[in-house]
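What the coordinates show
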Amino acid sequence: MTRVLLTGATGQIGRWVLHELAGRPDVELVLALRDPARQCSELAAWLAGHGVVLARPLQALAFDLDRPQGAAALVQAARPDVVVHLAARFAWGLAPADAQRANVQTSVALLRALAGSRTSLDAVHEVANQAESVEAATSDADRAGHSDHVDTRSAGVAAPWQGGAPARFIHVSGFMLQHRAHLRRLGIGEDGQARGPGGWAAIYRRAGGYEASKLHAHAEMTRTARELGQPLVVLHPATVAGHSGHGELPEHAALHQLCRQLARGRLGAIPGGAAYRLPLVAVDFVARFIAGVVRDAAVQGGEYLLMDAASPPLPQLVQHLADALGRPAPRRTLPIGLLRALLRLPGVAALAGTHPESLDFLVRDVAFDTAAADRLAARWGLAHPPLEQVLRQTAGYVGRQGACAEPGQRQGDTAGGPDLSTGPT
Ligand SMILES: NC(=O)c1ccc[n+]([C@@H]2O[C@H](COP(=O)([O-])OP(=O)(O)OC[C@H]3O[C@@H](n4cnc5c(N)ncnc54)[C@H](OP(=O)(O)O)[C@@H]3O)[C@@H](O)[C@H]2O)c1
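Overview of the structure. Keep in mind the model is a prediction, meaning the values are calculated, not measured.

**Examining helix α3 (residues 71–78)**
Given 3.6 residues per turn, any residue in an α-helix points the same way as the ones three and four places further on. Within the span of α3, buried status applies to Ala71, Ala72, Leu74, Val75 and Ala78. Buried residues of α3, viewed axially, fall in a sector of 160°; they line one side. The first or second residue beyond α3 is Arg79, which carries a positive phi of 50°.

What follows is the structure, encoded as structure tokens:
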């Protein structure tokens, strides 16, 4: 029996990880949710609607990413063999301090708590010290809302249930961590740490809160795991597309946004043109891969890039989606630099329904290395579903939701890749 603590089960990836694991009698799941009773019953209904027969009733504990000081008690209550950490503050325009607290401090606090070899309080203090430099770069208005203090009562938690093999931590990062040139441009060294003047605060300014916090979390998670000898498996998904079988994906997903823009005829031009790609992966592949790591105790570490090598150049991607939606694809292209500059003009990003941060997820001339992930996938008999099918299903799903109706776009729409919209044209 493997006991799994899963954060972010309600998210785009988390639901499908749950789908993979909830019916398995050899897996005992504990979900970490903001509102356990309500979200558990919603997830149980969603699973039932997707044909999953639960191996046991869902159980959940309260968890808030914005409270790193709660991590130790959560891990102690759940007593997991494996932590799958998917929860993240995932939006454009996040204040650096908010992104840092949720995506860096809480991840490290969970990892420390699992290792149990030092007090989780030490961990929170350590990362909180770095937070001060990040916070110093934010505006006074931002700072005013961030007066959380560490709860000293959570100190001294060990992990007494870890009698045999050490518990494993599966951290979900992002594919930009495998884009070395991009990391160098931002001022991140080969060791993953901030190198340039201004340290992490400068990187938060350059990359934006979400992306910077993912890069920062990766640096802190790998450093901490090494220091503690804690098994850490890091997964780097590309931008996640819908389910290969029926296209399902949430409204806040990047491809959902792109399909909506196409369906409404609001994508006036393609950013960058044919030299650019938006690397993609189907959500069911990601979920099965995560389930594979959970079930294969031989996987004790390493970094795995989850990306479909068939991800097409941007114009082709847009054409596939437009065809599936029965809409024309734009022919014009717009240089990325110009688009970025336009989106930084006051009011333009809001008008266009996108954010300059989204453009960082478009890449060109990058040879990504998926060999390590491919080897594991092959060992488990897992293959990427055909990407054309994934795109057709994804667009079909968005189309069936009535995407042509004007806007239901969520405030502060989520990150994960660009929506590529260039505004009303
Ligand atoms: N999707 C992608 O394209 C992509 C690509 C690369 C990496 N990733 C990474 O993969 C992970 C999962 O992504 P996703 O697409 O599944 O994200 P998502 O759909 O945005 O879901 C985010 C999850 O985090 C939870 N969460 C947010 N704020 C929270 C808080 N304050 N306390 C507790 N839980 C909170 C959400 O729970 P609620 O339902 O309560 O809001 C939700 O379950 C993230 O680390 C993300 O950075 C995603």
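**Some points on the nonpolar core**
Residues Val17, Ile290 and Leu306 are the most contacted members of the largest nonpolar core, which totals 121 residues. It is helix α4 (residues 96–115) that contributes the most residues to this core, 11 residues altogether. Leave out the neighbours within four places in its chain, and Val17 touches Leu6, Val84, Leu86, Ala287, Ile290 and Ala291.

**A short note on the pairing of strand β2 (residues 27–33)**
Counting buried positions along β2 yields 6 of 7 residues, so the element is predominantly enclosed. For strand β1 (residues 2–7) and β2, the ladder comprises 6 bridges, and the chain directions are parallel. From the neighbouring strand, Thr7 faces β2, where its bridge partner is Ala32. Viewed along the sheet, the connection from β1 through helix α1 (residues 14–21) into β2 turns out right-handed. With respect to chirality, the unit in which β2 leads through helix α2 (residues 36–49) into the neighbouring parallel strand β3 (residues 60–62) is right-handed.

**Focus on the sheet that holds strand β4 (residues 82–85)**
With parallel pairing, the 7 strands of this open sheet are ordered in space as β3-β2-β1-β4-β5-β6-β10. The two strands at the open ends of the sheet, each matched to only one other strand, are β3 and β10 (302–306). Adjacent strand axes in the sheet meet at a mean angle of 20° when their direction is disregarded. As paired strands, strand β6 (residues 232–237) and β10 are joined by 5 bridges and run parallel to one another. Paired with Val233 across the strands is Gly302, a residue of β10. Its contacts with the sheet put α1 on β1, β2 and β4, and the angle it makes with β1 is roughly 160°.

The rules behind each value
Residues numbered from 1 in each chain as written. Predicted model: local features only at pLDDT ≥ 70, side-chain atom pairs only at ≥ 80, totals over all residues. Buried ≥ 20, exposed ≤ 12 C-beta atoms within 10 Å, placed from the backbone. Helix = DSSP H or I, 4+ residues; strand = E, 2+ residues; numbered from the N terminus. Arc of directions from axis to C-beta. Core = buried A, V, L, I, M, F, W, Y, C linked by C-beta atoms within 7 Å. Contact = placed C-beta atoms within 7 Å. Pairing = 2+ DSSP bridges. Right-handed = clockwise from strand over helix to strand, strands pointing away. Axes fitted to C-alpha atoms, helices over the stretch in contact; angles between N-to-C directions.

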